[in-house]
Amino acid sequence: MDLQTIFEALILGTVEGLTEFVPVSSTGHLLLLGHFMGFENPGKTFEVLIQLGSILAILSVYFSKLWQLFISLPSDPRSRYFVAGILLAFLPAAFIGFLAHDFIKAVLFESPALICTTLFLGGLILLWVDRLDLKPRYHDVASYPMRIYFGIGLCQCLAMVPGVSRSGSTIVGALLMGTDKRSAAEFSFFLAMPTMAGAFALDLFKNRHAITFDDAAVIGVGFVTAFIAGVVVVRWLLDYVSRHGFALFAWWRIVVGLAGFAGLYAFG
C-alpha cells in the first residue's frame, strides 16, 4: 500500500462520509471519482465496505435515541410500531439486493455514463419536488402509517442503480407521500442503518476470499475518514433541510452529472 493509494483512500472515504446521508448518491460519487482517479479495487468492494464508517457515524450520533428505543421495546407499543415500520421498509431492498447483487456490481457499477445520467436526472427530480407546494400530513417519524413505511422501502430499491441515491429516493418518496422534509430526512437515517449494514455484510461475505491484507488496510483508511465526515453531516443535515430544503443538493447533482459527462467525453 503506497502513499498514493493511501491518499486516494482518504479522499474517497471523505467523499463517502460527506455524501452518504445527503441526496446526491455517495456510490455514484465514489465510482465516478474512482474512475477518473484510476482507483482500482476487486469487485468494487471498497465502495461498499467503507460504508461501515458511515454506519458507525450515524450510530454514534443517534446512540441515545437508539438505546431508548431498544429498552422501551418490551413495554412501549409505539416503539414496537416504529421498529416494525423500519423493518417493513427494509425488506424490499433486502430481497431485491440479495437476488440482484452480482448484476448490480458487475454491470451497473461499471457504467460511468449511467451514473452521470442518473445523477443529472435525479437532480432535476429533486429540484422539482423541492419546489412543489406540498402539504405535509405526517411530521412524526415514529408514527407514519405502515403503507408509508412500505412505500419508502420500495422507493429505496431504486437506489440500487448507482447515481440514484438511497437517501434521495427515500426522501423524495416520503415527501410525495405526505411527510415533511425534516422527518423524511430523519427516517432516511434510520432506514440507512439496516440497509447499509446488510449491504456491507453481503458484500464482505461474497468477497471474503478476494480481500488481501493491503485491501483491508486501504478499506480501513477509507472507513476512518468516512466515519469522521459522516458524523459532521448527520449533525448538520436535519436543521439545514428544515430551513433550506434540498435545492442545494439538486443543483450539486446536476453539476456533477454534467461534469462527469464532460470528463468522459474528454478522457474516456
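Residues numbered from 1 in each chain as written. Predicted model: local features only at pLDDT ≥ 70, side-chain atom pairs only at ≥ 80, totals over all residues. Heavy atoms only, no water.

Caption draft 1: View of the overall build of the chain. Along its length, the chain carries twelve helices and zero strands. Taken over the C-alpha trace, the chain has a radius of gyration of 18 Å; the compact-globule value for 268 residues is 18 Å, and the two agree within 12%. Put simply, the chain has 268 residues, and 51% of those count as buried. The distance from the centre of the 17 positive side-chain charges to the centre of the 18 negative ones in the chain is 11 Å. (Helix = DSSP H or I, 4+ residues; strand = E, 2+ residues; numbered from the N terminus. Rg over C-alpha atoms; globule rule 2.2 N^0.38 Å. Buried < 20%, exposed > 50% of the residue type's maximum accessible area, 1.4 Å probe, protein only. Lys, Arg positive; Asp, Glu negative; His and termini not counted. Charge placed at Lys NZ, Arg CZ, Asp CG, Glu CD.)

Caption draft 2: Geometry of the environment of Thr14. Along the chain, Thr14 turns up in helix H1 (residues 3-19). For Thr14, a relative accessible area of 31% puts it in the partly exposed group. Distance in space between the C-alpha atoms of Thr14 and Gln156 is 23 Å, their sequence separation being 142 residues. Beyond its immediate stretch of four places on either side in the chain, Thr14 contacts Thr225, Ala226 and Ala229. (Contact = heavy atoms within 4.5 Å.)

Caption draft 3: Fine view of the packing of helix H7 (residues 112-131) against helix H9 (residues 166-176). Packing of H7 against H9 brings their axes to within 11 Å, and their N-to-C directions diverge by 30 degrees. Judged by the angle between their axes, H7 and H9 are roughly parallel. Between H7 and H9 the crossing geometry is left-handed. Contact residues: Ile125, Leu126 and Val129 in H7; Val172, Leu175 and Leu176 in H9. (Axes fitted to C-alpha atoms, helices over the stretch in contact; angles between N-to-C directions. Parallel < 35°, antiparallel > 145°, perpendicular 65-115°, else oblique. Left-handed = near helix turned anticlockwise from the far one by under 90°.)

Caption draft 4: Representation of the packing of helix H2 (residues 26-37) against H7. Here H2 crosses H7 at 135 degrees, and the two axes come no closer than 10 Å. Of the possible angle classes, the one that applies to H2 and H7 is oblique. For H2 against H7, the interelement crossing comes out left-handed. Contacts between H2 and H7 involve Gly28, His29, Leu31, Leu32 and His35 on the former and, on the latter, Pro112, Ile115, Cys116 and Leu119. A breakdown of the residues in the contact of H2 with H7 according to their chemical character gives six nonpolar, three polar and no charged. (Nonpolar A, V, L, I, M, F, W, Y, C, P; charged D, E, K, R; others polar.)

Caption draft 5: Just the layout of surface pockets, in detail. Counted as a void, the largest pocket has a volume near 620 Å³. Taken together, 33 residues make up the lining of the largest pocket; nearest its centre are Gln51, Ala159, Met160, Thr195 and Ala199. Mapped by element, the contributors of at least two residues to the lining of the largest pocket are H2, helix H6 (77-106), H9 and helix H10 (181-206). Examining the composition of the lining of the largest pocket, we find that eight residues originate from one element, H6, more than from any other. (1 Å grid on protein atoms, 1.4 Å probe; cavity = no way out; pocket = protein on both sides within 12 Å on 5 of 7 lines; lining within 4 Å. Points joined across faces, edges and corners; volume = space filled by probe spheres on them.)

Caption draft 6: Spotlight on the pattern of salt bridges. Under the criterion given, the structure shown has eight salt bridges. Linking Glu20 and Arg166 is a salt bridge whose minimum nitrogen-to-oxygen distance equals 3.8 Å. In this pair, Glu20 sits in the loop between H1 and H2 while Arg166 sits in helix H9, placing the two residues 146 residues apart along the sequence. One exposure class covers both Glu20 and Arg166, and it is buried. In this structure, Lys65 engages Glu186 in a salt bridge whose closest nitrogen and oxygen atoms are separated by 3.0 Å. Taken as a pair, Lys65 in helix H5 (residues 63-72) and Glu186 in helix H10 lie far apart in primary sequence, 121 residues in all. Assessed through its relative accessible area of 47%, Lys65 is described here as partly exposed. Judged by its relative accessible area of 12%, Glu186 falls in the buried class. (Salt bridge = Lys/Arg side-chain N within 4 Å of Asp/Glu carboxyl O.)

Caption draft 7: Just the environment of Leu258, in detail. Mapped onto the secondary structure, Leu258 falls in helix H12 (residues 247-267). C-alpha separation for the pair Leu258 and Gln156, spaced 102 residues apart in sequence, amounts to 24 Å.

Caption draft 8: Inspection of unusual backbone geometry at higher detail. If you check the backbone angles, Ser25 has positive phi at about 75 degrees while not being a glycine. Its location among the elements puts Ser25 in the loop between H1 and H2. A positive phi angle, near 90 degrees, is found at Ser165, a position not held by glycine. Counting through the fold element by element, Ser165 comes out in the loop between helix H8 (146-156) and H9.

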